[in-house]
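A structural walkthrough
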Amino acid sequence: MGGHARFSPSVANRRINCPPSLVLEENFEDVESQYAAEGSAGHALAEYLIKRYLKKSSERPESDYYTNELIEAVDEYVSYVIGDIEKAKQICMNPMFLVEQRVDASDFVEDCFGTADMVVITDKVIHIIDLKLGRGVPIYAEENPQLMIYGLGILRMADFIYDIEIVKFTIFQPRLNNLSTWEITTDALKTWGEDVLKPRGAMALMGTGEFKSGKWCRFCKARNQCRARAEEFLSLAKMEFREPALLSDEEIIEVLKVSDELSKWASEIYSFAQDQAIVHGRVWNGFKLVEGRSNRKYTNEDEVVEAANAAGYTDIYKQTLVTITEMERLMGKKEFAKVLGHLVYKPQGKISLVPESDKREAIKKNTAVAEFQEV
Ligand code: SF4
């Protein structure tokens, strides 16, 4: 196994849904984002802490990314894993614990391997636990192709020793308070491997199949220039409205359904084009770079104080409290809750209209008219 899988489980959702994305993305450079680097540092710390608990040798990693907040997020994950390890010891004579385990799924797709964060194997169950340190969107375990590939790889290793019936997956995403668990029978997992992963993986490696845009485009390196994605969004924008002059409720609902996605896509393309112009000097016909409005700034604060004092103005400082996030970072989550928990409240958030599929619970909001009528 080399260091870099062509078909990486971590982007399997994209490959399965849009197979030719693999070959298309190979035209773009690999750039490690600061989020990815922070995530790697968090995983290294988790690995060290779990191995230490299991009395396996490991060196404590060092990184500038280790803020109190990241350490606490990792700690939460480690506590969950330790709880699962202890449960496994109670129900199984010979449980197996694998930390940062290299997993090979090349039986299904050539050059497909990755690393499972934590694997707990008991007599009949494989439990794969995945730490996600992102704060963007919650990731769910249900039918998650990355975890299903890990499951197939671990099954390949464990099937000789154990009589595995169930493969269970957990995603632990501490920064979003997201704990998502899902399980599948080994037979169903193998069927998915044969019927979905194998054919889709082969297409991806050859660059065949259809381009299809969706949620999986989010981190695709081709997303800003992808024709399939642009066509999809532009077709959303082409709506046919009929008479009469005013839109019906149904037509407004149609616009609402696409407006969020459309505006996100448009602003991504805008940022991409702007970045290309500023950083790479690229010229877009019909567009130019201009300077935006800016606010006045002091050139040198010490000299400002000196000059103001000399002119008789001494009451020139103001003191403000650090923000809640800064305070929490300063004290650490637990200490913050103990010292200031009772002095913090969460005002009602701004009410917005979102699609039914949004995970947040709907609020019961009386309209202003209804409230008026109740008086
Ligand atoms: S942006 Fe989306 S549709 Fe285009 S190649 Fe990437 S995953 Fe496929």
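Quick note: structure is the one above.
In short, a report on the structure.

About the thresholds
Residues numbered from 1 in each chain as written. Predicted model: local features only at pLDDT ≥ 70, side-chain atom pairs only at ≥ 80, totals over all residues. Heavy atoms only, no water. Helix = DSSP H or I, 4+ residues; strand = E, 2+ residues; numbered from the N terminus. Rg over C-alpha atoms; globule rule 2.2 N^0.38 Å. Buried < 20%, exposed > 50% of the residue type's maximum accessible area, 1.4 Å probe, protein only. Contact = heavy atoms within 4.5 Å. Areas by Shrake-Rupley, 256 points an atom, 1.4 Å probe, with all protein chains shown as cover. Lys, Arg positive; Asp, Glu negative; His and termini not counted. Charge placed at Lys NZ, Arg CZ, Asp CG, Glu CD. Pairing = 2+ DSSP bridges. Axes fitted to C-alpha atoms, helices over the stretch in contact; angles between N-to-C directions. Arc of directions from axis to C-beta. Expected span 1.5 Å × (residues − 1). Near = heavy atom within 4 Å. Nonpolar A, V, L, I, M, F, W, Y, C, P; charged D, E, K, R; others polar. Core = buried A, V, L, I, M, F, W, Y, C linked by side-chain atoms within 4.5 Å. Patch = residues over 30% accessible without salt bridge, like charges linked within 9 Å, V, L, I, M, F, W, Y side chains within 5 Å. Salt bridge = Lys/Arg side-chain N within 4 Å of Asp/Glu carboxyl O. Phe/Tyr/Trp six-rings, centres within 6.5 Å; stacked < 30°, edge-to-face > 60°. Parallel < 35°, antiparallel > 145°, perpendicular 65-115°, else oblique. Left-handed = near helix turned anticlockwise from the far one by under 90°.

Comments concerning the overall build of the protein chain
From N to C terminus, the protein chain includes 12 helices and five strands. For 375 residues, the compact-globule estimate of 2.2 N^0.38 gives 21 Å, and the C-alpha radius of gyration of the protein chain, at 26 Å, exceeds that figure by more than 25%. Projected onto its principal axes, the C-alpha positions of the protein chain cover 80 × 60 × 60 Å. Residues counted as buried form 34% of the 375 residues belonging to the protein chain. Across the protein chain, contacts joining residues at least 24 apart in sequence account for 66% of those joining residues at least 6 apart. Only carbon and sulfur atoms are counted for the fraction: they give 53% of the accessible area of the protein chain, which is about 26,100 Å². The average position of the 47 basic charges and that of the 60 acidic charges among the side chains of the protein chain differ by 1 Å.

As for the sheet that holds strand β5 (residues 178-185)
Strands sit in the order β1-β2-β3-β4-β5 across an open sheet of five strands; the sheet is mixed. Two strands bound the open sheet, and with one partner strand each, they are β1 (96-104) and β5. For this sheet the average axis-to-axis angle between neighbouring strands, irrespective of direction, equals 25°. As paired strands, strand β3 (residues 125-131) and strand β4 (residues 166-173) are joined by seven bridges and run parallel to one another. Of the residues in β4, the one forming a bridge with isoleucine 126 is valine 167.

Some words on helix α7 (residues 227-237)
What sets the pattern is the α-helix's 3.6 residues per turn: residues three or four places apart point alike. Within the span of α7, buried status applies to Arg229, Ala230 and Phe233. When α7 is viewed along its axis, its buried side chains cluster within an angular range of 95° and face the same direction.

Looking at the environment of aspartate 249
Mapped onto the elements, aspartate 249 comes out in helix α8 (residues 249-280). The class for aspartate 249 is exposed, based on a relative accessible area of 58%. Sequence spacing of aspartate 249 and threonine 323 is 74 residues, and the spatial spacing of their C-alpha atoms is 43 Å.

Points about helix α4 (residues 68-91)
Along its 24 residues, α4 runs 35 Å from first to last C-alpha, staying within 8% of the 34 Å computed at 1.5 Å per residue. Within the sequence span of α4, burial applies to Leu70, Glu72, Ala73, Val74, Tyr77, Val78, Val81, Asp84, Ile85 and Ala88. Those residues of α4 that are buried are in contact with α3 (34-53), β1, β2 (113-121), β3, β4 and α11 (333-340).

Points about the site of the ligand
Taken together, the neighbourhood of the ligand is formed by 13 residues, with Cys18, Lys212, Cys217, Cys220 and Cys226 sitting nearest. Partitioning the shell around the ligand into residue classes produces seven nonpolar, two polar and four charged.

Focus: the environment of leucine 236
Turning to its location among the elements, leucine 236 is positioned in helix α7. Sequence separation of leucine 236 and lysine 55 is 181 residues, and the distance between their C-alpha atoms is 56 Å.

A short note on the nonpolar core
Judged by nonpolar contacts, the single largest core of 36 residues is most densely connected at Phe7, Ile126, Ile128 and Phe169. Mapped by element, the contributors of at least two residues to this core are α1 (12-17), β1, β2, β3, α5 (145-158), β4, β5 and α6 (186-206). Tallying contributions element by element places α5 first for this core, with eight residues. Other than its neighbours up to four places away in sequence, phenylalanine 169 contacts His127, Ile128, Ala141, Leu147, Met148, Gly151, Ser180, Thr181, Trp182, Ile184 and Leu189.

Some details on a nonpolar patch on the surface
On the surface, Leu247, Ile252, Ile253, Val255, Leu256 and Leu353 cluster together into a nonpolar patch covering about 530 Å² of accessible area. Relative to the helices and strands, leucine 353 is located in the loop between α11 and α12 (368-374).

Thoughts on the side chain of glutamate 72
Within the element layout of this structure, glutamate 72 appears in helix α4. No salt bridge is formed by the buried glutamate 72; the nearest opposite charge belongs to lysine 333, separated by 5.4 Å. Residues contacting glutamate 72, with those up to four places away along its chain left out, are Gly332, Lys333 and Lys334.

Topic: the side chain of threonine 186
Take threonine 186: it is sitting in helix α6. Ignoring any residue separated from it by four or fewer positions in sequence, one finds threonine 186 in contact with Leu155, Ile164, Glu165, Ile166 and Val167.

A closer look at the packing of aromatic side chains
According to the stated counting rule, one finds four aromatic pairs in the structure shown. Here tyrosine 80 and phenylalanine 172 contribute two aromatic rings whose centre-to-centre distance is 5.3 Å and whose plane-to-plane angle is 35°, an arrangement assigned as tilted. Taken as a pair, tyrosine 80 in helix α4 and phenylalanine 172 in strand β4 lie far apart in primary sequence, 92 residues in all. Tyrosine 80 gets classed as partly exposed once you look at its relative accessible area, which sits at 21%. An aromatic cluster of three or more residues is present, and its members are Tyr77, Tyr80 and Phe172.

Thoughts on the packing of α5 against α6
Following both chains from N to C, one finds α5 and α6 inclined at 115°, their axes separated by 10 Å at the closest point. The orientation of α5 with respect to α6, classified from their angle, is roughly perpendicular. Considering the relative orientation of α5 and α6, their crossing is left-handed. For the pair α5 and α6, the contacting residues are Pro145, Met148, Ile149, Gly151, Leu152 and Leu155 in the first and Thr186, Leu189, Lys190, Trp192, Gly193 and Leu197 in the second. Residue composition of the contact of α5 with α6, by class: eight nonpolar, three polar and one charged.

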